[in-house]
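Residue strings, one per chain:
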Amino acid sequence: MKAQEMREIFINFFLEREHKEIPSASLLPDNDPSVLFTTAGMHPLVPYLLGERHPQGKCLVNIQKCLRTDDIDEVGDDFHHTYFEMLGNWSLGNYFKQEAIMMSYEFLTSKLGIPTSKLAVTVFGGYKEIPKDIEAYERWKNIGLNDSQIFYGGMEENWWGPAGKTGPCGPDTEIFYDTGKVPCGNNCSPLCNCGRFVEIWNNVFMQYNKDSEGNFTVLNQKNVDTGMSLERILAVYNNVSNNYETDLFEPIISKIEELAGVLRTKDNIRDFRIVVDHMRAATFVIGDPKKVVPSNTEQGYIARRLIRRSIRYIRKIGVTENILSEIVEVIISINAPAYPELYINKEFILEQVAKEYLSFITTLDRGIKKAEQFFNDVPAGESLSGELAFKLYDTFGFPIEFTEELATEKGIIVDIDGFKTKYHEHQEESRGGADGKFKGGLADHSDQTTRLHTATHLLNAALRKILGNEVYQRGSNITSERLRFDFSFDRKLTDEELYKVSQIVNEAILKDIPVQCQEMTVDEARLSGAIGIFNQKYGEIVKVYSIEGYSKEICGGPHVLNTHELGSFKILKEESSSSGVRRIKAVIEAPTA
Ligand code: ALA
């Protein structure tokens, strides 16, 4: 079976069961990311899991583009990726354990024909005051699994979420496929990571909210959040031993073989897979509807790392020429039918990848010189310090394996532990940043973030009024302290323009205008002049927030009820964000009573 067929079978299965399909959101979370990327299908749905009404109703299904960098070290094995597609179905306070388990089981066994004997599941075994999930256990038993196929796991194994620091979460039941590989011992089970059992689907019973103090409170509504990797289920269905032997990857590997004049072998297969995985992820990040330029910060940094690591592994395979664009072309041709943004942004992606190649090749040569100096200074019998190895990584973008390889040629050992320590210190710093961001995350419905969210709509409208309608939103990030808004525009704004923009926002605030929410089809929204991201399907119902005389925008909410709740608005800074994109940081001062 091909990937597209699996996508359709999955979606149709849930459409037949009263679910509504929603489009994949951007890989870059909208408003207030708690992390750099969308890491699960539930991520864009957080407000609805917390009780906000979804315009499509209570039962949803979709295929969400996801990216997880925490699995990057596993990439190269049979089943892990950075970028992947998550098949998911949701109940927002509608059905619960019984129906969710039943539908997963039916999909896998009746629809895909996987024998019950090849399945094994884990369920939540309890933690502190949260009881073990006897109900899920019993449901699986009643369906026909026997006790030797059902296992209780702890908080580590069978609790999912929140996606950031706070937000919806709950016990889960995970479904595994038994590959039948020789068990590692008598106690082998899905809880063992020897590779015999492959996790294919996770059903999370999201009925708790975790707050910033780490307390779990019961949510008003009981939700189901599920996720299954398209890549894995396709491999399992096709009875191949790894994801790369599916039509999502095979043509890319063949292309590299052809370009390199080197065939895959068991010794170099990991190198091929890393290139394929990373270039696929980089293509999706750069070619996202929000477009990302490789850089040294945030999502741009991840795109950069993915490309540099690929270049390193392409060299390892034995190619010194630049073959990135040919690889990207194949990736686009495989994926663009399902993700048209890759067609639309094709030139942009190719251009950015070519630029990144050149910039790395330049620092590569400077870095190699620097590395040689460092090696010359290493006293006989000692190793290159972790600090210097990290410097090569940080300043010249040298992956540690690359440094190690250069060092080995000189008979020098690298202090990998020291490098790791430095690396983790650095990660802690970046994570600290991400946590800070989370304070205003999707899960944070505080009054202040809600106000800033409404202020963002007014700012967007004011910018379009002053600068013209070719201005459109390119990103938004809200913390409890400030808003940050990225928009397309190709020069610095003058002081006068900035003044006029804030004047319009403040004028709207002073006029005490109600913020109205209406639901309509996406086409009606477009016709009514609403702005926003029109990636919804024809006929789909969306929410449109209007501030009469100022703004009309498709948006999930939440917003204040009246503009006067914003107090006063002030722009702190206007600067370049990336080529053709400007960034404004602004604050509001809450009204005095
Ligand atoms: N959100 C759950 C996961 O990512 C389904 O596993």
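The rules behind the values
- Residues numbered from 1 in each chain as written.
- Predicted model: local features only at pLDDT ≥ 70, side-chain atom pairs only at ≥ 80, totals over all residues.
- Heavy atoms only, no water.
- Helix = DSSP H or I, 4+ residues; strand = E, 2+ residues; numbered from the N terminus.
- Buried < 20%, exposed > 50% of the residue type's maximum accessible area, 1.4 Å probe, protein only.
- Near = heavy atom within 4 Å.
- Polar contact = N/O pair within 3.5 Å; in protein donor to acceptor, adjacent residues only side chain to side chain.
- Areas by Shrake-Rupley, 256 points an atom, 1.4 Å probe, with all protein chains shown as cover.
- Salt bridge = Lys/Arg side-chain N within 4 Å of Asp/Glu carboxyl O.
- Axes fitted to C-alpha atoms, helices over the stretch in contact; angles between N-to-C directions.
- Parallel < 35°, antiparallel > 145°, perpendicular 65-115°, else oblique.
- Left-handed = near helix turned anticlockwise from the far one by under 90°.
- Contact = heavy atoms within 4.5 Å.
- Nonpolar A, V, L, I, M, F, W, Y, C, P; charged D, E, K, R; others polar.
- 1 Å grid on protein atoms, 1.4 Å probe; cavity = no way out; pocket = protein on both sides within 12 Å on 5 of 7 lines; lining within 4 Å.
- Points joined across faces, edges and corners; volume = space filled by probe spheres on them.
- Pairing = 2+ DSSP bridges.
- Phe/Tyr/Trp six-rings, centres within 6.5 Å; stacked < 30°, edge-to-face > 60°.
- Lys NZ or Arg CZ within 6 Å of the ring centre and 35° of its normal.

## What about the environment of D70?
Phase 1: Along the chain, D70 falls in the loop between β2 (59–67) and β3 (83–92).
Phase 2: Judged by its relative accessible area of 64%, D70 is exposed.
Phase 3: For D70 and N146, which are 76 residues apart along the polypeptide, the C-alpha to C-alpha distance reads 34 Å.

## Some words on the site of the ligand
Phase 1: The environment of the ligand is formed by A40, M42, R68, M86, W160, N202, V204, D225, T226 and G227.
Phase 2: Between an oxygen atom of the ligand and a side-chain N or O atom of W160, the distance comes to 3.4 Å.
Phase 3: In the model, an oxygen atom of the ligand is placed 3.1 Å from a nitrogen or oxygen of the N202 side chain.
Phase 4: Considered on its own, the ligand offers 220 Å² of accessible surface; in the complex 95% of this is hidden by protein.
Phase 5: Elements with a contribution of two residues or more to the shell around the ligand: β8 (197–210) and β9 (216–229).

## Quick word on the pattern of salt bridges
Phase 1: All told, the structure shown has 32 salt bridges when counted by the stated rule.
Phase 2: Here D288 and K65 are joined by a salt bridge, their closest N and O atoms 3.3 Å apart. A residue pair is termed long-range when its members are at least 10 positions apart, and D288 in the loop between α8 (269–286) and α9 (298–317) and K65 in strand β2 qualify at 223 residues.
Phase 3: Note that K573 is salt-bridged to E575, the shortest N-O span being 3.6 Å.
Phase 4: A residue is classified by how much of its surface remains accessible, and K573, at 42% relative accessible area, is partly exposed.
Phase 5: A residue is classified by how much of its surface remains accessible, and E575, at 21% relative accessible area, is partly exposed.

## Description of the packing of helix α10 (residues 324–335) against helix α12 (residues 346–377)
Phase 1: Interhelical geometry of α10 versus α12 gives an angle of 150° and a closest axis separation of 10 Å. Put simply, α10 runs roughly antiparallel to α12. For the pair α10 and α12, the crossing hand works out as right-handed. Here L324, S325, V328, E329 and I332 of α10 lie close against α12, whose contacting residues are K346, I349, L350, V353 and Y357.
Phase 2: Of the residues contributing to the contact of α10 with α12, the split by class is 7 nonpolar, 1 polar and 2 charged.

## Some thoughts on empty space enclosed by the protein
Phase 1: Following the criterion strictly, the structure yields 2 cavities of 30 Å³ or more and no others.
Phase 2: For the second largest cavity, the calculated volume is near 40 Å³.
Phase 3: What lines the second largest cavity is I311, I314, R315, V319, T320, E321, I323, L324 and Y357.
Phase 4: By residue class, the composition of the lining of the second largest cavity is 6 nonpolar, 1 polar and 2 charged.

## Considerations on the sheet that holds strand β14 (residues 551–554)
Phase 1: What the 3 strands build is an open sheet, ordered β12-β13-β14; its pairing is antiparallel. What marks the edges here is a single partner per strand, and that holds for β12 (515–521) and β14. Neighbouring strand axes in the sheet, compared pairwise and without regard to direction, differ in orientation by 25° on average.
Phase 2: Bridge count between β12 and strand β13 (residues 541–547): 7 bridges; the pairing is antiparallel. Bridge pairing links E519 to K543 in β13.

## Description of the sheet that holds strand β16 (residues 581–589)
Each strand in a sheet pairs with its neighbour through backbone hydrogen bonds, running either in the same direction (parallel) or in the opposite one (antiparallel).
Phase 1: Spatially, the 4 strands line up as an open sheet ordered β10-β11-β16-β15, and their pairing is antiparallel. A strand with exactly one partner marks an edge of an open sheet, and here the two such strands are β10 (473–478) and β15 (568–578). Across the sheet, the mean angle from the axis of one strand to that of its neighbour is 20°, orientation sign disregarded.
Phase 2: Judged from the 9 bridges that link them, β15 and β16 form a sheet pairing that is antiparallel. In the sheet register, S568 faces β16, and the bridge partner there is E589.
Phase 3: Its contacts with the sheet put helix α16 (residues 447–467) on β10, β11 (483–488), β15 and β16, and the angle it makes with β11 is roughly 30°.
Phase 4: Seen against the sheet, helix α17 (residues 495–510) touches β15 and β16 and runs at an angle of roughly 140° to β15.

## Considerations on the pairing of β14
Phase 1: By the bridge criterion, 4 bridges tie β13 to β14 in an arrangement that is antiparallel. Within β14, the position partnered with Y545 by the bridge is E553.
Phase 2: Linkage of β13 to β14, two consecutive antiparallel strands, is achieved through a turn of 3 residues, within which G549 is found at a positive phi near 85°.

## Examining the environment of Q64
Phase 1: Along the chain, Q64 turns up in strand β2.
Phase 2: In this structure, the C-alpha to C-alpha distance between Q64 and G41, residues 23 residues apart in sequence, is 5.2 Å.
Phase 3: Not counting residues within four places of it along the chain, the set of residues in contact with Q64 comprises S24, A25, S26, T38, A40, G41, P44, F84, E85 and M86.
Phase 4: Polar contacts involving the side chain of Q64 include one to the main-chain amide nitrogen of A25, which spans 2.8 Å.

## Comments concerning the environment of E356
Phase 1: Note that E356 resides in helix α12.
Phase 2: A residue is classified by how much of its surface remains accessible, and E356, at 2% relative accessible area, is buried.
Phase 3: Setting aside its immediate chain neighbours within four residues, E356 contacts P294, R304, I307 and R308.

## Thoughts on the packing of aromatic side chains
Phase 1: Summed over all chains, the structure comprises 23 aromatic pairs.
Phase 2: Ring pairing ties together the aromatic residues F10, F13, F14, F107 and W201, which thus form one cluster.
Phase 3: Over the aromatic face of F13 sits the side chain of R17, whose NZ or CZ is 3.6 Å from the ring centroid.
Phase 4: Geometry around Y152 places K132 over its ring, the cationic atom sitting 4.5 Å from the centre.

Nothing here speaks to function; it is all geometry.
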